[in-house]
Amino acid sequence: MEQNQQPVFAIEKLYVKDLSVEVPNAPEIFLEREAPQVEIQLNTGARGVGEGVFEVILTVTVTAKFAEKTVFLVEVGQAGIFRIMNVPDEQIEPLVAVACPNILFPYAREAVSDAVTRAGFQAIVLQPVNFEAMYMQRMQEQASEPTEVTIQ
């Protein structure tokens, strides 16, 4: 094998892995005139599916409520298969945790907006997300957690 192989970071496939829309209080909820409170949650996950191939899933959950009554709940699992080869091991995690979600986010934003609109509500436009800051915060939290040592 040649030592000077070029690093590879490629998108193999982008797809919606999961899509869920719930409007539990329809049709009465459509009679409400005030704007609902909207909560957005983001999660990322990844797993290896082969040599240098990773599936990364960005899950976006949007919940809209009036007081305690749910207006709608939309969850999108936007996924991608990425080929990452000839990259030092310490750089793979940041690529999977930052670069891949950055690629997936616009597709997830479109799927959320489309699902909310099709459910009969005004489109939700998700604001840009700084996945690098989220990754750095997660790394700091992990570094500050006490490690448990068991001595036998």
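In this text, all values refer to a predicted model and were calculated from it rather than measured experimentally.

Reading guide: rules and limits
Residues numbered from 1 in each chain as written. Predicted model: local features only at pLDDT ≥ 70, side-chain atom pairs only at ≥ 80, totals over all residues. Heavy atoms only, no water. Helix = DSSP H or I, 4+ residues; strand = E, 2+ residues; numbered from the N terminus. Expected span 1.5 Å × (residues − 1). Bend = angle between axes of the 7 residues up to and from the residue. Buried < 20%, exposed > 50% of the residue type's maximum accessible area, 1.4 Å probe, protein only. Contact = heavy atoms within 4.5 Å. Phe/Tyr/Trp six-rings, centres within 6.5 Å; stacked < 30°, edge-to-face > 60°. Axes fitted to C-alpha atoms, helices over the stretch in contact; angles between N-to-C directions. Left-handed = near helix turned anticlockwise from the far one by under 90°. Pairing = 2+ DSSP bridges.

So, on to helix 1 (residues 89-118). With 30 residues, helix 1 extends 43 Å between its outermost C-alpha atoms, agreeing within 8% with the 44 Å of an ideal straight helix rising 1.5 Å per residue. When the local axis directions of helix 1 are compared, the greatest deviation, roughly 40 degrees, occurs at Leu95.

This part is about the side chain of Ser113. Following the sequence through the fold, Ser113 ends up in helix 1. For Ser113, a relative accessible area of 18% gives the class buried. Not counting residues up to four positions away in its chain, the partners in contact with Ser113 are Ala123 and Ile124.

What follows concerns unusual backbone geometry. Negative phi is the rule for most residues except glycine; trans is the rule for most peptide bonds. The linkage connecting Ala26 with the following residue, Pro27, adopts the cis geometry, with an omega of 5 degrees. Inspection of the secondary structure puts Pro27 in the loop between strand 1 (8-22) and strand 2 (37-50). Even without glycine at this site, Asn86 takes up a positive phi of about 55 degrees. Take Asn86: it is sitting in the loop between strand 4 (69-85) and helix 1. Among the residues examined, Asn86 registers a relative accessible area of 38% and is labelled partly exposed.

Here we take up the packing of aromatic side chains. What the rule picks out here adds up to four aromatic pairs. Taking the centre distance of 6.0 Å and the plane angle of 15 degrees together, the rings of Phe9 and Phe82 count as stacked. One end of the pair, Phe9, is in strand 1; the other, Phe82, is in strand 4, and 73 residues separate them in sequence. On the basis of relative accessible area, Phe82 is assigned to the buried category, the value being 0%. An aromatic cluster is defined as three or more aromatic residues linked by ring pairs; in this entry it consists of Phe30, Phe72 and Phe121.

Two elements in contact, helix 1 and helix 2 (residues 131-144), have axes separated by 9 Å at closest approach and are oriented at 145 degrees. Helix 1 and helix 2 meet at a crossing whose hand is right-handed. Contacts between helix 1 and helix 2 involve Glu93, Pro94, Ala97, Val98, Pro101, Asn102 and Phe105 from the first element and Phe131, Glu132, Tyr135, Arg138 and Met139 from the second.

Glancing now at the sheet that holds strand 4. The strand order across the open sheet formed by four strands is 1-4-3-2, and the pairing between neighbours is antiparallel. Of all strands in the sheet, those with a lone pairing partner are strand 1 and strand 2, marking the two edges. Along the sheet, successive strands turn relative to each other by an average axial angle of 15 degrees, direction set aside. Here strand 1 runs beside strand 4; their pairing, made up of 13 bridges, is antiparallel.

Here we come to the pairing of strand 4. Direction of pairing for strand 3 (residues 53-66) relative to strand 4: antiparallel, over a ladder of 14 bridges. Within the sheet, the bridge partner assigned to Phe66 lies in strand 4 and is Lys69. Connecting strand 3 to the next strand, strand 4, in antiparallel fashion are two residues, including Ala67 with a positive phi near 50 degrees.

None of the figures reported here should be taken as evidence of function without further support.
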